[in-house]
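# Structural description and commentary
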Amino acid sequence: MNFFLKRAEQALRKGHLTQPAGASAYDYYLRVQQLDPGNRGAQTGIQTIVVTYVEQAREALRRRAFGEVQTLLKRAEMLAPGNALVAEVRENLLRERGRARLDLPEGESIGLPAAELNARSKHLSSQLEKIAQRIRKEQLRVIIVARDDAEGRWIYQQLREAVPGYRVRGDIKVGSPARLVLVKPSGGVQ
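Below is a summary of the structure that appears in this document.

Rules behind the numbers
- Residues numbered from 1 in each chain as written.
- Predicted model: local features only at pLDDT ≥ 70, side-chain atom pairs only at ≥ 80, totals over all residues.
- Heavy atoms only, no water.
- Helix = DSSP H or I, 4+ residues; strand = E, 2+ residues; numbered from the N terminus.
- Buried < 20%, exposed > 50% of the residue type's maximum accessible area, 1.4 Å probe, protein only.
- Contact = heavy atoms within 4.5 Å.
- Areas by Shrake-Rupley, 256 points an atom, 1.4 Å probe, with all protein chains shown as cover.
- Lys, Arg positive; Asp, Glu negative; His and termini not counted.
- Charge placed at Lys NZ, Arg CZ, Asp CG, Glu CD.
- Salt bridge = Lys/Arg side-chain N within 4 Å of Asp/Glu carboxyl O.
- Expected span 1.5 Å × (residues − 1).
- Polar contact = N/O pair within 3.5 Å; in protein donor to acceptor, adjacent residues only side chain to side chain.
- Pairing = 2+ DSSP bridges.
- Axes fitted to C-alpha atoms, helices over the stretch in contact; angles between N-to-C directions.
- Phe/Tyr/Trp six-rings, centres within 6.5 Å; stacked < 30°, edge-to-face > 60°.

## What to know about the overall build of the chain
Looking only at helices and strands, one finds 8 helices and 4 strands in the chain. Secondary structure elements in the chain, listed N-terminal to C-terminal, are α-α-α-α-α-β-α-α-β-α-β-β. Its C-alpha atoms give the chain principal-axis dimensions of about 75 × 40 × 25 Å. With 190 residues in all, the chain has 38% of them scored as buried. Considering only contacts in the chain between residues 6 or more positions apart, those separated by 24 or more positions represent 67%. A total accessible area of about 11000 Å² is found for the chain, and carbon and sulfur atoms account for 51% of it. The averaged location of the 21 negative side-chain charges in the chain is 2 Å from the averaged location of its 32 positive side-chain charges.

## Describing the pattern of salt bridges
With the rule as written, the count across this model stands at 10 salt bridges. For Arg62, the salt bridge identified is with Glu59, shortest N-O distance 3.3 Å. Placement of both Arg62 and Glu59 in helix 3 (residues 40-62) is noted, with a separation of 3 residues, approximately one turn of the helix. For Arg62, a relative accessible area of 57% gives the class exposed. Here the salt bridges share partners, and the residues they tie into one network are Glu59, Arg62, Arg63 and Glu68.

## So, helix 3
Residues spaced three or four apart along an α-helix point in a common direction, a consequence of the helix completing one turn every 3.6 residues. The end-to-end C-alpha distance of helix 3 is 33 Å, a good match for the 33 Å that 23 residues give at a rise of 1.5 Å each. Structurally, the start of helix 3 carries an N-cap: the backbone nitrogen of Gly41 is 2.9 Å from a side-chain oxygen of Asn39. Just downstream of helix 3 lies Arg64, where phi reads positive at about 65°.

## Topic: the environment of Arg136
For Arg136, the position within the fold is in helix 7 (residues 122-138). In sequence terms Arg136 and Arg167 are 31 residues apart; their C-alpha atoms lie 8.4 Å from each other. The residues contacting Arg136, other than those within four sequence positions of it, are Val163, Pro164 and Tyr166.

## Details of unusual backbone geometry
Cis geometry marks the peptide bond from Gln19 to Pro20; its omega dihedral reads 0°. Considering the arrangement of structural elements, one finds Pro20 in the loop between helix 1 (2-13) and helix 2 (25-35). A positive phi is found at Arg120, a non-glycine position, where the angle reads about 50°. Relative to the elements of secondary structure, Arg120 occurs in the loop between helix 6 (114-119) and helix 7. A relative accessible area of 34% means that Arg120 is categorised as partly exposed. A positive phi angle, near 55°, is found at Gln139, a position not held by glycine. Turning to its location among the elements, Gln139 is positioned in the loop between helix 7 and strand 2 (141-146). Its relative accessible area of 35% is what places Gln139 among the partly exposed residues.

## Considering the sheet that holds strand 3 (residues 170-174)
The strand order 1-4-2-3 describes an open sheet built from 4 strands, whose pairing is mixed. One side of each edge strand has no neighbouring strand; the edge strands of this open sheet are strand 1 (108-111) and strand 3. Across this sheet, the average inter-strand angle for adjacent strands is 20°, counted without regard to direction. Of the pairings in the sheet, the one linking strand 1 to strand 4 (residues 179-183) comprises 4 bridges and is antiparallel in character.

## A look at the packing of aromatic side chains
Counted under the stated rule, the structure contains 2 aromatic pairs. A ring pair is formed by Phe4 and Tyr28, whose centres lie 6.4 Å apart and whose planes are at 25°; its orientation type is stacked. Placement of Phe4 in helix 1 and of Tyr28 in helix 2 is noted, with a sequence separation of 24 residues between them.

Right, here's the structure in full:
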């Protein structure tokens, strides 16, 4: 058992997390678990592999290498189904893919619930009014991501009517999920 744990550590140091088959850190940890199902060293080792894959996925996400992120998350998920770290990075991946597809600038994203948009609810109008006041106060630009043009125009109208005499600066993009992206001014004259 100690032999397999040492081999697993060596493979881990070499970066052989799950490959090559039969000689990877994961394979050695599995052998330890077959001999001693509750072995903490093996459990910790497998968790280390999962965390390593998640960290590699985060780094790939920073580089916007979306395919690589997906591959790394699948590997981590195979070892630890339902892992919260994997789920968190997968959410970030979906958000970044959407941002890349729409070419959205960096900014604070505020989700707009589909049911409230469908109903054009008073609660949503009130929320948009507060956001419009903040836009005016902080001189923000807004990117409205709406499911269709008519919805985007309605959202813009709510923002504009909430701050009479102020020109809300922004753009409407068709996409999903519906949200507002608040962008700080870039220091130049608006």
